[in-house]
Each structure stands twice: as C-alpha cells, then as structure tokens.
Amino acid sequence: MTSQDTASHSYSLPWVIFALAIGGFCIGTTEFVAMGLIQEIAADLKVSIPSAGHFITAYALGVTVGAPALAILGAKLPRKTLLLGLMLFYGLANAMTAFADSSTTMLLSRFIAGLPHGAYFGIASLVAADLAGQHRRATAIAQVMMGLTIANVIGVPFATWLGQSFGWRTGFEFSAMIALATILAISFFVPRIAPHASASYRSELAGFKNINMWLTLAIGAIGFGGMFSVYSYASPILTEYTGASIKVVPMALAIFGTGMVIGGLVAGWLADKHLNKTIVAVLVSSAIAFVIAAFSMTQLYSAMAALFLIGFTVTGLAGVLQIRLIDVAGEAQALAASLNHSAFNAANALGAFLGGFVISQQMGWVAPVWVGLFLSLSGLAVFKLALTVEARTN
C-alpha cells in the first residue's frame, strides 16, 4: 500500500468499494440506457434505429479517446481528486445530453460524456486493488464493477421506464443526479491516496510500447463485442422477432443485468485463484451462450433466459482483463487500467456497429447473436496469441 498517504490509514474498505461502485452504477445506467431507449430516441430525433445506434458508437468512441488522454494528464494528481473531477465532468456531460435537440448535438454530447468513463473505472480499479491487497484484488475490482452490472438490474430498467413514461431525456437527467450522489460518497468514504512515487507522464506514455498490454486490450475489444451486438438491439429483437410488448423490455434488461452481476462476481472469485484459466472459461462459455441464444429468441421466456446467460458469461471478462493489465503494464498502471475501458467501449462500438450492419443488410433480427459468437471465438484466438507472445518476451 505504498501509494497511500500515511495520514489516511483510517478507512473502511467496504465503504470505499461502495462509493466507487456508485460511480459505476451511474456510468452503467447512462451507458446502457441509450440502448434501452434507442427506439424512443430514434423517433424523437427522427432517425432510423440503425442510425440511432451511432449515438451508442459516439459514446464508446469518447471512452476510447478519453481514457488514455485523461489517465496520462492525471498521472500526478491524487487519485481521490482525479475521481471527483472525472465524476463532475460526467454528470455535466449527461445533463448536456438531456438538452440535445438534434442528431448532431446528440452525437456530440454522447461523445463528450464518454470521455471520463474509462479513466474513472481505471483509477477506481487501481484504488480498490491497492487497498484490498494482492490476494483479494480481483474480487475487490469485481465488486467495484458490480456497480456497473447492478445498473443493468436496477438503474437501466428504471431509467428506461422513466424515459418511456416521461420522455427519453429524463433517463439522462436521472444519471446526472446519480453523478452528484457519487461525488458526495467519494468525498466521505475514499481516503486520500497519493500517486505512486514513480508516476509520471513519461512512464505512462512508455506503456504504449508494451505489446503485452495491447494484446490484452485486443482480447477485450473483440471478445466483449458480442454482448453489445445483442444488448444494443435487445429492444427491437424482443419486439420485432420474439413478438413481445415494448413494456417487457425493462424487465428483459433487468434479467440481462442480473446475469451480469452474478457472472462478474463469479469470474472475480475464480480469477483470484487462476487468472488465465478464468479468461479461457469466460470466452468459451460466452461462445456457447450465443449459440444457445440464437435458437431461443422465438419465445419470450426462453429469450429472457438466453439474455441472462449472455450477461452471465460475457461480463466477467471486464474484471479479469483488468487484473491481467495490472500484471503486464509495468509502470504504466493508470494508462493500462483506463485503457481497459477503452477496449470494452471499442467492443461497444464494434458490437453496436456490426449488429446494426447485419440488421440493415436484411440478415434478420437474430443475426446480431451470431455476430456475438464470432466475436467471442475471435477473442479466444487473440488470447492464445497473447499467451504465445508473453512467453517469448518474458
């Protein structure tokens, strides 16, 4: 715990994780509610559903750009100060989305809102891992990430219901309010943690030369994309293919999110025991889940079970790759931890794009599920390559 201020030894790790997880809940709610309200947003801004998918892509690209930039710029800042600044930025940007009145302003606001996302999760993960210690760090990070996954059980369905009932903008107003709650929680519960003594702009920038870091990021950017190829279009898949009422969508998203919560915790527990085997297990089981889902979307109950299974299997990849990045990043800890979320939002952009593409090419509403299978298997192939390169470079 060398980075911790000697003046701040009094803290409660569960409360620290709770405060950081509220931020994850805020970010998860905001990121995924755009998918839950995609039909309402498209109708109000007078664009097609595949075009509305570009708003999801814009957010993901904002994360991809913002994570490394803000991690490097904040390398010398105390981590608590950086977390507070990032969440303030996030809350204001989502308030801006609530006032978007055209597709152009919507695209711009979603891109801006994405900028602090990755850096927040990256720094929050480092704080949790630092305070939890070597043998509980995967579990601690999984618990922080649980804020994001619980958002899919509670926050996204509630914000989706708000958007359906009172206009889609209220979903983003709700997210801005959670950002304020996060700022208060971090202020009270997170101890002051100084940057590592070796932290510098130069050491973070040096991480860009680390091939093991880039291959680990590629696993997430590709292997996680399948979840977004399905999640982004879950609403129209259920209404247009399964034949469900749109009022069922919040419940379906909650079931999807429940799978994510459980799967993330299980993967974190397993990763503390054997990291690489857990990564393989996540990618293989997610591929199987997509095959099952492809044949389960015709009936409402089987479709919901399939969504649960996808959430349960795929989501664990986030936390386990965060640990792998910490191990291979060397001195570029903040950069690597933040880039993990760039990778997952590249997966968001890739999944949303490919899912929209196969739909627009008249391949059918189930086609995004087959995209998920392809991306999970591709992620597994990249992990095999990463292990080979790591063995040669060590």
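In case you missed it, the structure is sitting above this.
Predicted model only: the values in this text are computed from it and were never measured.

A. Looking closely at the overall build of the chain. Looking only at helices and strands, the chain features 18 helices and zero strands. Whereas a compact globule of 394 residues would reach a radius of gyration of roughly 21 Å, the chain reaches 19 Å, a difference of no more than 12%. Taken along its principal axes, the extent of the C-alpha atoms in the chain is 60 × 45 × 35 Å. Buried positions account for 61% of the 394 residues belonging to the chain. Restricting to contacts in the chain with at least 6 residues of sequence separation, those with at least 24 account for 85%.

B. How the structure looks around unusual backbone geometry. Despite not being glycine, Lys-46 has its phi angle at roughly 60°, a positive value. With a relative accessible area of 75%, Lys-46 lands in the exposed category. A positive phi angle, near 60°, is found at Gln-362, a position not held by glycine. As for its position among the elements, Gln-362 is in the loop between helix H17 (333-360) and helix H18 (367-393). A residue is classified by how much of its surface remains accessible, and Gln-362, at 69% relative accessible area, is exposed.

C. Local environment of the nonpolar core. One finds Leu-20, Phe-32, Tyr-120, Met-227, Ile-310 and Leu-317 to be the most contacted residues of the largest nonpolar core, which totals 118 residues. Ranked by residues supplied to this core, first place goes to helix H1 (residues 13-36) with 13 residues. Apart from the residues within four sequence positions on either side, Phe-32 is in contact with Leu-148, Asn-152, Val-156, Met-227, Phe-228, Tyr-231 and Met-260. Within the second largest apolar cluster, eleven residues are counted, among which are Ala-329, Ala-332, Leu-335 and Ala-343.

D. Fine view of the pattern of salt bridges. Within the structure shown, the criterion is met by three salt bridges. Here Arg-169 makes a salt bridge to Asp-44, at a shortest N to O gap of 3.3 Å. Taken together, the residues span a long stretch of sequence, with Arg-169 in helix H8 (residues 169-189) and Asp-44 in helix H2 (residues 38-45) at a distance of 125 residues. Relative accessible area serves as the criterion here: at 24%, Arg-169 is assigned to the partly exposed category.

E. Representation of the environment of Thr-29. Of note, Thr-29 is situated in helix H1. Exposure remark for Thr-29: the relative accessible area of 0% places this residue in the buried category. Setting aside anything within four residues of it in sequence, one finds Thr-29 in contact with Ala-151, Gly-155, Val-156, Ala-159, Phe-174, Ser-175 and Ile-178.

F. Highlighting the packing of helix H10 (residues 211-223) against H17. Viewed as axis vectors pointing N to C, H10 and H17 meet at an angle of 35°, and their least axial separation amounts to 7 Å. Note on packing geometry: the crossing formed by H10 with H17 is right-handed. Between H10 and H17, the residues in contact are Met-213, Trp-214, Leu-217, Gly-220 and Ala-221 and Leu-335, Ala-336, Leu-339, Asn-340, Ala-343, Phe-344, Ala-346, Ala-347 and Leu-350, respectively. For the contact of H10 with H17, the residue count by class is twelve nonpolar, two polar and no charged.

G. Region of the structure containing the packing of helix H14 (residues 275-294) against helix H16 (residues 317-328). The interhelical angle for the contact between H14 and H16, taken along N-to-C directions, is 145°, at an axis separation of 10 Å. Crossing handedness for the pair H14 and H16: left-handed. Facing Leu-275, Asn-276, Thr-278, Ile-279, Val-282 and Leu-283 of H14, the residues of H16 in contact are Leu-317, Val-320, Leu-321, Ile-323, Arg-324 and Asp-327. Class assignment of the residues belonging to the contact of H14 with H16 gives a composition of eight nonpolar, two polar and two charged.

H. Structural view of a nonpolar patch on the surface. Residues Trp-15, Phe-18, Leu-180, Leu-184, Phe-188 and Phe-189 make up a contiguous nonpolar surface patch of about 670 Å² in total accessible area. Element by element, the count of residues in the nonpolar patch is highest for H8, at four residues. Inspection of the secondary structure assignment puts Phe-188 in helix H8.

I. Structural detail: the packing of aromatic side chains. Using the criterion set out here, one finds 14 aromatic pairs in the structure. Taking the centre distance of 4.8 Å and the plane angle of 20° together, the rings of Trp-15 and Phe-189 count as stacked. Of this pair, Trp-15 sits in helix H1 while Phe-189 sits in helix H8, placing them 174 residues apart in sequence. Phe-189 gets classed as partly exposed once you look at its relative accessible area, which sits at 30%. Ring centres of Trp-161 and Phe-166 lie 5.8 Å apart, and the angle between their planes is 85°; this geometry places the pair in the edge-to-face category. With a relative accessible area of 55%, Phe-166 lands in the exposed category. An aromatic cluster is built from Phe-158, Trp-161, Phe-166 and Phe-174, whose rings are joined through pairwise contacts.

J. Structural detail: the side chain of Asn-340. Along the chain, Asn-340 falls in helix H17. The class of Asn-340 is buried, set by a relative accessible area of 1%. There is a polar contact of 3.2 Å between the side chain of Asn-340 and the side chain of Gln-322. Excluding residues that lie within four positions of it along the chain, Asn-340 makes contacts with Leu-217, Ala-318, Leu-321, Gln-322 and Leu-325.

Reading the values: the criteria
- Residues numbered from 1 in each chain as written.
- Predicted model: local features only at pLDDT ≥ 70, side-chain atom pairs only at ≥ 80, totals over all residues.
- Heavy atoms only, no water.
- Helix = DSSP H or I, 4+ residues; strand = E, 2+ residues; numbered from the N terminus.
- Rg over C-alpha atoms; globule rule 2.2 N^0.38 Å.
- Buried < 20%, exposed > 50% of the residue type's maximum accessible area, 1.4 Å probe, protein only.
- Contact = heavy atoms within 4.5 Å.
- Core = buried A, V, L, I, M, F, W, Y, C linked by side-chain atoms within 4.5 Å.
- Salt bridge = Lys/Arg side-chain N within 4 Å of Asp/Glu carboxyl O.
- Axes fitted to C-alpha atoms, helices over the stretch in contact; angles between N-to-C directions.
- Left-handed = near helix turned anticlockwise from the far one by under 90°.
- Nonpolar A, V, L, I, M, F, W, Y, C, P; charged D, E, K, R; others polar.
- Patch = residues over 30% accessible without salt bridge, like charges linked within 9 Å, V, L, I, M, F, W, Y side chains within 5 Å.
- Areas by Shrake-Rupley, 256 points an atom, 1.4 Å probe, with all protein chains shown as cover.
- Phe/Tyr/Trp six-rings, centres within 6.5 Å; stacked < 30°, edge-to-face > 60°.
- Polar contact = N/O pair within 3.5 Å; in protein donor to acceptor, adjacent residues only side chain to side chain.

By themselves, these are just geometric observations and shouldn't be taken as functional.
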